[in-house]
Amino acid sequence: VKLGLAGGPLIISILIGRFGHKVKLVTYTTMSANLMLREVGLVLFLASVGIKAGENFVQMVVEGDGVLYVGLGFLITFITGVIARWHHRVNYFTLMGLIAGSNTDPPALAYANQIAGNDAPAVGYSTVYPLTMFLRILTAQLLVLLMAG
């Protein structure tokens, strides 16, 4: 099982965040630099995804099982949101970040941050994003192994 290009830096970032202070590693970034990197990263990500996905987007959704997958994704997200909000009493803005992080959706996080005006969506996003990315990589590779074997 490989972590891929994004998995390695993600694991190292988590480890540095957890243990970096013990070896006097300075990981502080000013808020202005943090916001700039966040916006530049988001713009580059959206540009690359949009260019790759735009060509056959309508054809993929309309033909085959595209509508089914979009509907199932909506249903799972809706049910998870309702359970988290009403049963577990999760703050609405935190819930926006949790859902964005579980879908690994930076545009949804940017929208949630803009609407909230506080850090609750970013906290929710950062809570689930590392696990979600790790599970995405692992699940895809396990599916390939199971289908090939």
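Residues numbered from 1 in each chain as written. Predicted model: local features only at pLDDT ≥ 70, side-chain atom pairs only at ≥ 80, totals over all residues. Heavy atoms only, no water.

Asker: What's the story with the confidence of the model for the protein chain in this structure? I'm lost.
Answerer: Low pLDDT means the predicted atomic positions in that stretch should not be read closely. Mean pLDDT over the protein chain works out to 87, with 99% of the residues at or above the 70 mark. Taking the mean pLDDT of every element in the protein chain, the minimum, 80, falls on helix α3 (residues 57-62) and the maximum, 94, on helix α5 (residues 92-102). (pLDDT = per-residue confidence, 0-100. Helix = DSSP H or I, 4+ residues; strand = E, 2+ residues; numbered from the N terminus.)

Asker: I would appreciate a short explanation of unusual backbone geometry in the present structure.
Answerer: Residues other than glycine predominantly adopt negative phi, and peptide bonds predominantly adopt the trans conformation. Positive phi outside glycine occurs at K24, with the angle close to 60°. Note that K24 resides in the loop between α1 (4-19) and α2 (31-54). Backbone geometry places T104, a non-glycine residue, at a positive phi of 45°. The residue T104 is located in the loop between α5 and α6 (106-116) in this model. T104 sits in the buried class, given a relative accessible area of 11%. (Buried < 20%, exposed > 50% of the residue type's maximum accessible area, 1.4 Å probe, protein only.)

Asker: Could you clarify how one ought to interpret α6 in this entry?
Answerer: The α-helix advances 3.6 residues per turn, and as a result positions three or four apart in sequence lie on the same side. Taken residue by residue, α6 has L109, A112, N113 and A116 as its buried positions. Within α6, the buried residues cover an arc of 100° as seen down the axis, which keeps them to one side. With its phi angle positive at about 75°, G117 sits one or two positions after the end of α6. (Arc of directions from axis to C-beta.)

Asker: Would you explain the packing of α2 against α6 in this entry?
Answerer: A packed helix pair is summarised by two numbers, namely the angle formed by the two axes and the spacing between the axes. Contact geometry of α2 with α6 gives a least axis separation of 10 Å together with a crossing angle of 140°. With respect to each other, α2 and α6 are oriented oblique. The chirality of how α2 crosses α6 is left-handed. Together, R38, L42, F45 and L46 of α2 and P106, P107, A110 and N113 of α6 make up the contact between the two elements. Residues belonging to the contact of α2 with α6 are distributed by class as follows: six nonpolar, one polar and one charged. (Axes fitted to C-alpha atoms, helices over the stretch in contact; angles between N-to-C directions. Parallel < 35°, antiparallel > 145°, perpendicular 65-115°, else oblique. Left-handed = near helix turned anticlockwise from the far one by under 90°. Contact = heavy atoms within 4.5 Å. Nonpolar A, V, L, I, M, F, W, Y, C, P; charged D, E, K, R; others polar.)

Asker: Is there a simple way to think about the packing of aromatic side chains in this case?
Answerer: Given two aromatic rings, their pairing is described by the distance between the two centres and the angle made by the two planes. Within the structure shown, the criterion is met by three aromatic pairs. Ring centres of Y125 and Y129 lie 5.1 Å apart, and the angle between their planes is 15°; on these two criteria the pair is classed as stacked. With Y125 and Y129 both in helix α7 (residues 120-148), this residue pair falls four residues apart, about one helical turn. Classification of Y129 by relative accessible area gives partly exposed; the value is 25%. (Phe/Tyr/Trp six-rings, centres within 6.5 Å; stacked < 30°, edge-to-face > 60°.)

Asker: Hey, could you run me through the layout of surface pockets in this one?
Answerer: A probe matching the size of a water molecule, rolled over the atoms, marks out where space remains unfilled. Taken as a whole, the largest pocket spans an internal volume of roughly 980 Å³. N34, R38, L109, Y125 and S126 are the residues nearest the centre of the largest pocket, which is lined by 24 residues in total. For the lining of the largest pocket, the elements supplying multiple residues, two or more each, are α1, α2, α6 and α7. Ranked by the residues each element gives to the lining of the largest pocket, the list is headed by α2, at nine residues. (1 Å grid on protein atoms, 1.4 Å probe; cavity = no way out; pocket = protein on both sides within 12 Å on 5 of 7 lines; lining within 4 Å. Points joined across faces, edges and corners; volume = space filled by probe spheres on them.)

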